[in-house]
Amino acid sequence: MKAIEIRNKYLKFFENHGHKIIPSSPLIPENDPSVLFNTAGMQPLVPYLLGQKHPEGTRLTDYQKCLRTNDIDEVGDNRHLTYFEMLGNWSLGDYFKEESIKMSYEFLTKELGIPSEKISVTCFAGDEDCPRDELTAKCWEEAGIPKDRIYFYGKDDNWWIAGEEGPCGPDTEMFYDTGKPKCSENCQPSCDCGKYVEIWNNVFMEYYKKDGKYTKLEQKNVDTGLGLERMTMLLQGKETPFDTELFSPVMDKLKELSKNDDIASRRIVAEHMRSSMMIVADGGRPSNIDRGYILRRLIRRMTRHLNKLQIDLNELSNLLDLNIDNLKEMYPELDSHRQEIKDVIIAEKDKFMKTLNNGEREFNKVINRLKNQGLNKIDGKIIFNLYETYGFPPEVTKDLALENGFEVDLTEVDKLFKEHQEKSRMGSEQKFKGGLAEQNEKTISYHTATHLLNAALKKVIGENSHQRGSNITTERMRFDFNCDHKLTDEEKKKVEDLVNEWIEQDLPVTVQTMKKEDAIKSGAECMFIEKYPDEVTVYTIGDVSKELCGGPHVKHTGELGHFKIQKEEASSQGVRRIKAILEDK
Ligand code: SER
């Protein structure tokens, strides 16, 4: 079965069980400052898991584009991916454990035809926060899984939460037995020898965790996630996702073009190329911070491994076309953004090649200096400095050093990099703490302010200015928009004055549910048309703004306070960024 068939079967199955199919949100979350990319299907649904009414009802299903970069350095082995697709179904205060498990079992065994004997499941063993999940185990038994394939584990394995704060609960995970021999007497699903592969995770979301404490949610939800690439690989009896049709045309082409047989490099190129294309299609651009930096890293790493494979970098254009053609049936947005994707990725590759060349010049200077001093050893600090200052990758430094007859001392490099990684990890955790689903008066006000700012920019710099992203915390808002020039002081003042004028007028903010096509016809602004379901909510502010948006918003603009632009700067090519605050009046 091909990936797209699995996806379609899944959506159809849950549609037949009363679920509404909703479209994937873009990879880049809107109005959620807590994450750089969507990392799970539940992320765009957080407000609804917390009780807000979803316009499509209480049973939803979708495929969600996801990106997880914590394992980026593992890509190249036989299983890690950064981009992946998660199939999911949700009950928003509707069905719970019984029905969820029944449907999962039926889907796996009847629709996908997985023999029941190949399925093992795990349940939450219970602790002081939440009791042992006997009901889940009972449901599995009733469905047809015998006791000896039902395992109980603690929070490390059978509890799900995104980050430190948010909706969460015990989960039940389904594992596929690959038929490989047990690695030991005690081999079981929690073991990562490769015999058991996790295929689906149903989270029974009953709790909210904040500051280490759990409180009960008002509604009991089910949130499930099934990784499409992995399921495709298993059903096709393949050893890795790279052997499935999702990657094989690109993998084959890379093999044909490369001058060596470095399979890890081929996987890295194919994988990072796919992720980069998906990010660019959803509006991401390379930069030195946050998600822009992740995109930059993906493209750089891809370029380096193209080099390692000794593939002419001019082939990149054709490789991108091939990759887009291969995936466009699943992701039509790749085809509609083809030129943009190619332009951005190729430009970033060229920029990186310059970095590499500059780094190499610098490297040569260092080598000559050391030679003059009669030294033949290059130490960790030098390698790390070349990386920090010139972006020159340590493995390239190492290769060149060895070629020049130098010894390389890598012990310190590892230490310096660990420190560096720790710093960036702390940075992103900090970001997470920014508050998943943190919706309080302040962030809601900022959210409404982004609509006003969007409208004001259209008046001041032109109708072609569109929102390209936003990021809100309780302290400030950030807003990205298309614009080909730095705003003049006069333009900034005009924008600020307009927004404040609208706030003074205390305009009503109203919401309406309507068909997506009617909303578009009525001239409502929207950032990603593919993102929205057929029924959408449209927020209107007086007669100045109309946008497709999930909310929430204030009721009257008078609640906002005084709007003040703090900074206007470049965000990426053709995109400017405004940082602004709302001051108490
Ligand atoms: N949120 C859960 C996961 O990511 C289930 O969708 O696995």
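None of the values given here were measured: they were computed from a predicted structure.

What counts, and at which threshold
Residues numbered from 1 in each chain as written. Predicted model: local features only at pLDDT ≥ 70, side-chain atom pairs only at ≥ 80, totals over all residues. Heavy atoms only, no water. Helix = DSSP H or I, 4+ residues; strand = E, 2+ residues; numbered from the N terminus. Rg over C-alpha atoms; globule rule 2.2 N^0.38 Å. Buried < 20%, exposed > 50% of the residue type's maximum accessible area, 1.4 Å probe, protein only. Contact = heavy atoms within 4.5 Å. Areas by Shrake-Rupley, 256 points an atom, 1.4 Å probe, with all protein chains shown as cover. Lys, Arg positive; Asp, Glu negative; His and termini not counted. Charge placed at Lys NZ, Arg CZ, Asp CG, Glu CD. Salt bridge = Lys/Arg side-chain N within 4 Å of Asp/Glu carboxyl O. Pairing = 2+ DSSP bridges. Axes fitted to C-alpha atoms, helices over the stretch in contact; angles between N-to-C directions. Core = buried A, V, L, I, M, F, W, Y, C linked by side-chain atoms within 4.5 Å. Near = heavy atom within 4 Å. Polar contact = N/O pair within 3.5 Å; in protein donor to acceptor, adjacent residues only side chain to side chain.

1. Quick word on the overall build of the chain
Piece 1. Looking only at helices and strands, the chain has 18 helices and 18 strands in total.
Piece 2. The C-alpha atoms of the chain give 26 Å as radius of gyration, which agrees with the globular expectation for 585 residues (25 Å, within 12%).
Piece 3. With respect to the principal axes defined by its C-alpha atoms, the chain has extents near 75 × 70 × 45 Å.
Piece 4. The buried share of the chain, reckoned over its 585 residues, is 54%.
Piece 5. In the chain, 71% of the contacts between residues at least 6 apart in sequence involve partners at least 24 apart.
Piece 6. About 26,300 Å² of surface is accessible on the chain, with carbon and sulfur atoms providing 46% of the total.
Piece 7. In the chain, 84 side chains carry a positive charge and 102 a negative one; their mean positions are 2 Å apart.

2. Considering the pattern of salt bridges
Pairs may arise between side chains of opposite charge once their charged atoms sit close together.
Piece 1. Tallied over the full model, the rule gives 35 salt bridges.
Piece 2. The partner of Glu15 in a salt bridge is Lys12, and the shortest N-O contact between them spans 3.2 Å. Of this pair, Glu15 and Lys12 are both found in helix H1 (residues 3-16), 3 residues apart, which corresponds to roughly one turn of the helix.
Piece 3. Here Glu15 falls in the partly exposed class, since its relative accessible area comes to 36%.
Piece 4. With relative accessibility at 47%, the residue Lys12 sits in the partly exposed group.

3. A word on the sheet that holds strand S14 (residues 509-515)
Strands pair in a sheet through their backbones, by hydrogen bonds, and they do so in one of two ways: parallel or antiparallel.
Piece 1. Pairing is antiparallel in the open sheet, where 3 strands are placed in the order S14-S15-S16. This sheet does not close on itself; its edge strands, each paired only once, are S14 and strand S16 (545-548). The mean inter-strand angle of the sheet, taken between neighbouring strand axes irrespective of direction, is 25°.

4. Here we look at the nonpolar core
Piece 1. Within the largest apolar cluster, 81 residues are counted, with the highest numbers of intra-cluster contacts made by Leu108, Trp140, Trp200, Met277, Leu306, Leu334 and Ile345.
Piece 2. By residue number, the principal contributor to this core is helix H8 (residues 263-281), which donates 8 residues.
Piece 3. The residues contacting Trp200, other than those within four sequence positions of it, are Tyr10, Phe14, Asn89, Ser104, Phe107, Leu108, Thr172, Glu173, Met174, Thr224, Gly225 and Leu226.
Piece 4. Of all hydrophobic cores here, the second largest spans 34 residues; its members include Met477, Phe481, Leu560 and Ile581.

5. Remarks on the site of the ligand
Piece 1. If you check the shell around the ligand, you find Ala40, Met42, Arg68, Met86, Trp160, Asn201, Val203, Asp223, Thr224 and Gly225 and nothing else.
Piece 2. Within the side chain of Arg68, an N or O atom sits 3.4 Å from an oxygen atom of the ligand.
Piece 3. The contact in question runs from a nitrogen atom of the ligand to an N or O atom on the side chain of Asp223, over 2.8 Å.
Piece 4. The protein chains hide 94% of the 230 Å² of surface that the ligand would expose on its own.
Piece 5. Sort the elements by how many residues they give to the shell around the ligand and strand S9 (residues 213-227) lands first, with 3 residues.

6. Describing unusual backbone geometry
Piece 1. We note that Asp211 has phi near 50°; this positive angle belongs to a residue other than glycine.
Piece 2. Phi is positive for Gln310, close to 60°, though the residue is something other than glycine.
Piece 3. Mapped onto the elements of the fold, Gln310 is located in the loop between helix H9 (290-308) and helix H10 (316-327).
Piece 4. Among the residues examined, Gln310 registers a relative accessible area of 45% and is labelled partly exposed.

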